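# Per-entry structural report
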Amino acid sequence: GAGVSQSPSNKVTEKGKDVELRCDPISGHTALYWYRQSLGQGLEFLIYFQGNSAPDKSGLPSDRFSAERTGGSVSTLTIQRTQQEDSAVYLCASSLGQGLGQPQHFGDGTRLSIL
Amino acid sequence: EDQVTQSPEALRLQEGESSSLNCSYTVSGLRGLFWYRQDPGKGPEFLFTLYSAGEEKEKERLKATLTKKESFLHITAPKPEDSATYLCALNRDDKIIFGKGTRLHILP
């Protein structure tokens, strides 16, 4: 079956521009996560959606970052007024649910480069 | 504070040379420990979930074990295609905490 799909796979943009990153989770997965992975670093949690509950935004690094999940499926991560330190790989994952200790299934990420 | 520490950071082995990767953790209310494999340019790929001390899981040349304070990923007679970064992660309540990973390189 189809896995988690992310687009674009690569994005190069100028400092100060806004970017939108898209994630299509596995069908039927109620939980969706966004992470950031910088070179040589671990995965940094950004935001978590579970069903219709309010998202856990505790990992967002600044108010320039926001995310939406429409219809309990597709999610968009938006970064406004991008800065060079935003350059990283942004990974999306989905799972059947959090409370049961379900493993997350990841997409291949969007590699974001800010010039 | 909940923590996940993986060691070593990097490991080079000859093909066929068995070894173990370590994941030490401090967490209250553990609800699962995960192992993932990540290849360059790819997202992490799920390998195992362990829920309680004493539990073991196996897949091909990999075996994961769990105690109350650490988990090991044992690699038996590895092949070059086992080269990757191996990530450990903890499920605590509604948070997943990832370690920084061990970069494993298997030389032919």
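This structure is a prediction, so every number in the text was calculated from the model and none was measured. (Residues numbered from 1 in each chain as written. Chains lettered and ligands numbered in written order. Predicted model: local features only at pLDDT ≥ 70, side-chain atom pairs only at ≥ 80, totals over all residues. Heavy atoms only, no water.)

## Digging into the layout of surface pockets
For the record, the criterion: Only protein atoms enter the 1 Å grid, on which a cavity is a set of points fitting a 1.4 Å probe that cannot get out and a pocket is an open set with protein on both sides within 12 Å along at least 5 of 7 lines, lining residues being those with an atom within 4 Å of a point. Grid points are joined across faces, edges and corners, and a volume is the space filled by probe spheres set on the points. In this text, helices come from DSSP runs of H or I with a minimum length of four residues, and strands from runs of E with a minimum of two, each type numbered from the N-terminal end. When residues are grouped by polarity, Ala, Val, Leu, Ile, Met, Phe, Trp, Tyr, Cys and Pro land in nonpolar, Asp, Glu, Lys and Arg in charged, and all others, Gly among them, in polar.
Quantified by volume, the largest pocket comes out at close to 900 Å³. Q37, G40 and Q41 of chain A together with Q38 and T85 of chain B are, among the 36 residues lining the largest pocket, the residues nearest its centre. For the lining of the largest pocket, the secondary structure elements donating two or more residues are β8 (88-95) and β10 (110-114) of chain A together with β1 (3-7), β9 (84-92) and β11 (102-107) of chain B. Broken down by class, the residue content of the lining of the largest pocket amounts to 10 nonpolar, 19 polar and 7 charged.

## As for the side chain of T13 of chain A
For clarity, the threshold we go by: It only takes one pair of heavy atoms within 4.5 Å for two residues to be counted as in contact.
Along the chain, T13 of chain A falls in strand β2 (residues 10-13). Among residues more than four places away in sequence, those in contact with T13 of chain A are V19, T82, L112, S113, I114 and L115 of chain A.

## Observations concerning the pattern of salt bridges
A side chain of one charge can pair with a side chain of the opposite charge when the charged atoms of the two come close. Which entries qualify depends on this criterion: Whenever a carboxyl oxygen of Asp or Glu lies within 4 Å of a side-chain nitrogen of Lys or Arg, that contact is scored as a salt bridge. Under the scheme applied here, a residue whose accessible area is under 20% of the maximum for its type counts as buried, over 50% as exposed, and between as partly exposed, the area being computed with a 1.4 Å probe on protein chains only.
Per the stated rule, a full pass over the model turns up 8 salt bridges over all chains. For K42 of chain B, the salt bridge goes to D108 of chain A, with nearest N and O atoms at 3.7 Å. Here K42 of chain B is found in the loop between β4 (30-38) and β5 (45-50), whereas its partner D108 of chain A is found in the loop between β9 (105-106) and β10 on a different chain. Classification of K42 of chain B as partly exposed rests on a relative accessible area of 44%. D108 of chain A sits in the partly exposed class, given a relative accessible area of 41%. Between E55 of chain B and K57 of chain B there is a salt bridge, with its nearest N and O atoms 3.5 Å apart.

## What to know about the interface of chain B and chain A
As a reminder, the rule being used: Buried surface area refers to the total accessible area, computed with a probe of radius 1.4 Å, that the two partners give up upon joining, counted for both partners together. Pairs of N or O atoms within 3.5 Å make up the polar contacts considered here, provided that, within protein, one atom can donate a hydrogen while the other can accept it, and that residues adjacent in sequence are counted only when both atoms are side-chain atoms.
Contact with chain B, which involves 20 residues of that partner, is made by 21 residues of chain A. Between chain B and chain A lies a buried interface of about 1600 Å² when both sides are counted; carbon and sulfur atoms form 51% of it. At the surface where chain B touches chain A, the tally comes to 3 residue pairs in polar contact (both at pLDDT 80 or more). Of all elements in the fold, only β4, β5, β9 and β10 (95-98) of chain B reach the threshold of two or more residues within the side of chain B that touches chain A. Top element by residues in the side of chain B that touches chain A is β4 of chain B. It accounts for 4 residues.

## Considering the environment of T85 of chain B
All names here are of chain B. Among the secondary structure elements, T85 is positioned in strand β9. Separated by 72 residues in the primary sequence, T85 and L13 have C-alpha atoms spaced 14 Å apart. Setting aside anything within four residues of it in sequence, one finds T85 in contact with Y36, R37, Q38, G101, T102 and R103.

## Overview of the packing of aromatic side chains
Residue and element names in this part refer to chain A. For clarity, the cut-off: Classification of ring pairs rests on two measures: the distance between centres of Phe, Tyr or Trp rings, Trp counted by its six-membered ring, which must be within 6.5 Å, and the angle between planes, read as stacked under 30 degrees, edge-to-face over 60 and tilted in between.
Inspection of the entire model under this criterion finds 11 aromatic pairs over all chains. Residues Y33 and Y48 carry aromatic rings whose centres are separated by 4.9 Å and whose planes lie at 15° to one another, so their mutual orientation is stacked. Taken together, the positions of Y33 in strand β4 (residues 31-37) and Y48 in strand β5 (residues 43-50) put the pair 15 residues apart, joining distant regions of the chain. With respect to class, Y33 is no different from Y48; both count as buried.

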